[in-house]
Amino acid sequence: MKIGLVGPLCFLKFRTASVNRRERICRHSSRAMINASDLPVWNLSGLYKGRDDPQIDQDLAEAGVLLESGADHPRAVSLLARLHAFGTLYDGGRNEGALHKRVNAVALRSKVADPPPPGPAPGVDALCTQVAMRGADLWIAAGRPDPHPVTRQWSWEDARALVVEAAGSLAPAAGQAVDRTFREERVHARHPGSPLTHPAGDRGPYVRLDYDGSLKSVLTLAHEMGHAAHQMLSRPLGVMACDPRPALAETAAAVNEQATLRLLIARAGDVERQGLMAWRRRNLADVILRHVMLHRFEIVSRGRPDDAVWLRIVEQTAGLRAARAEKGDGWRAYPVLTRAPGSAWTYAFARLTALALLARREADPAAFPRKWTEFLSAGGTMDERPALWPFLIEPAASAYWQDAVELAVAEAETEAAGWNRRLSLSRPWR
Ligand SMILES: [Zn+2]
């Protein structure tokens, strides 16, 4: 897992113009309310000072010599991890390619390369088929009105405490890992651009996001800290084994994000709860539908994207009304296609699997924390099937995806149906 893309991907599209305008206004006002100087930045002591620091070249050269001679492998790996960390930390994602190419050139020579992006896990075709069967229902649920949009602001301290508590409610070790990530000043909360958690090998994770106090940024923080807990707990495995497979990394993040949202919903008053649940319903449909569409689009277009193909896939996945509301070049809005090709399916996989995992937690709250700690601690040493097996989740089985999609539709429709009921109660003359 290299790129935490959920922020920019989850919150796009399927909105009416008025909702978009309202959100822009909220975002603008929230900027004024959060004082950026109160937000934390990375503690970079011990890392490189600047892109032109000659130490980079010295370390690259040293790592190359060590790896080729095989004389001091741990030191070489540590140097490469530091270079990786620096490459992301310093330039803020604007020009990552150049330094990563240099680092990877050394790594490739020594066969210490990042693994190639894995193909879709077993069962991803079944996932897409099941989503397409209920896609129109999800799309309609996403488009229903949101009567009480959440405009509340969360201070950094409140958001931090909430995210630590949510992670701890899944497993005490996860809560401790998140808390430690904050305390070690590994979070940069005022970094423009896409949110991201960099594994940085055995140096442990570094997290960046652009925190503005809104619900969206609280949940982005929760998502990224889910990645951070995964990497903190698997860090003892060493740099070669601690980096989880993308679908599992996104699952850990989605579970933390949804546990945080559930905590907020449980504590909200009536009006705020309605807004939070509407947000969850819309986000659920957005994430699942969009990423299934993007995955199918990648497969069908085979590197030659075409607007007509995109519209056909939108129609096949979310129905005719969705296709009529969609722009032909809608696929261009998604950086995942160019920044992390072949990984779009992982977000749909993760969001559905997070629902299933949280249902398992409700069914057996005593056993879940141990299993969740083991899941996070396994890092990159397991693929999807053995990692999820302790939860009795079999992603290769079509029946699993059928159940997971039904759970998603039920969650979206329950919220929407509740609102429809309230509407009819408040307007008895209709
Ligand atoms: Zn992510």
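Above this text sits the structure in question.
Summary of the structure given here.

What counts and what doesn't
- Residues numbered from 1 in each chain as written.
- Predicted model: local features only at pLDDT ≥ 70, side-chain atom pairs only at ≥ 80, totals over all residues.
- Helix = DSSP H or I, 4+ residues; strand = E, 2+ residues; numbered from the N terminus.
- Buried ≥ 20, exposed ≤ 12 C-beta atoms within 10 Å, placed from the backbone.
- Contact = placed C-beta atoms within 7 Å.
- Pairing = 2+ DSSP bridges.
- Axes fitted to C-alpha atoms, helices over the stretch in contact; angles between N-to-C directions.
- Parallel < 35°, antiparallel > 145°, perpendicular 65-115°, else oblique.
- Nonpolar A, V, L, I, M, F, W, Y, C, P; charged D, E, K, R; others polar.
- Core = buried A, V, L, I, M, F, W, Y, C linked by C-beta atoms within 7 Å.

**Some details on the overall build of the protein chain**
For the protein chain, the helix and strand inventory stands at 18 helices and three strands. Taking all 430 residues of the protein chain together, 46% fall into the buried category. Taking the intrachain contacts of the protein chain between residues at least 6 apart in sequence as the baseline, contacts between residues at least 24 apart amount to 76%.

**Side note on the sheet that holds strand β2 (residues 196–198)**
With mixed pairing, the three strands of this open sheet are ordered in space as β1-β3-β2. Each having just a single partner strand, β1 (187–188) and β2 make up the two edges of the open sheet. Summarising the sheet, β2 and strand β3 (residues 206–208) pair through three bridges and their orientation is antiparallel. Looking across to β3, one finds that H198 is bridged to Y206.

**Side note on the packing of helix α8 (residues 172–183) against helix α16 (residues 368–377)**
Between α8 and α16, the shortest axis-to-axis distance is 8 Å and the interhelical angle comes to 50°. Looking at the two axes, α8 sits oblique to α16. Counting all contacts with α8, which are made through P172, A173 and A174, the residues of α16 involved are P369, W372, T373 and L376. Each residue belonging to the contact of α8 with α16 can be placed in one class, and the counts come to six nonpolar, one polar and no charged.

**Overview of the packing of helix α7 (residues 156–170) against helix α10 (residues 246–267)**
Their axes nearest at 9 Å, the elements α7 and α10 cross at an angle of 110°. The angle between α7 and α10 falls in the class roughly perpendicular. Seen from α7, the contacting residues are L162, V163, E165, A166, A167, S169 and L170; seen from α10, they are V255, N256, A259, T260 and L263. Here the residues of the contact of α7 with α10 sort into eight nonpolar, three polar and one charged.

**Some words on unusual backbone geometry**
Not every positive phi belongs to a glycine, and E185 is a case in point at roughly 55°. Of note, E185 is situated in the loop between α8 and β1.

**Concerning the nonpolar core**
Within the largest apolar cluster, 95 residues are counted, with the highest numbers of intra-cluster contacts made by A229 and I288. If near-sequence neighbours (up to four positions away) are discounted, I288 is found in contact with V131, L138, A348, R351, L352 and A408. Formed by seven residues, the second largest nonpolar core is a distinct cluster that contains A63, A76, L79 and L80.

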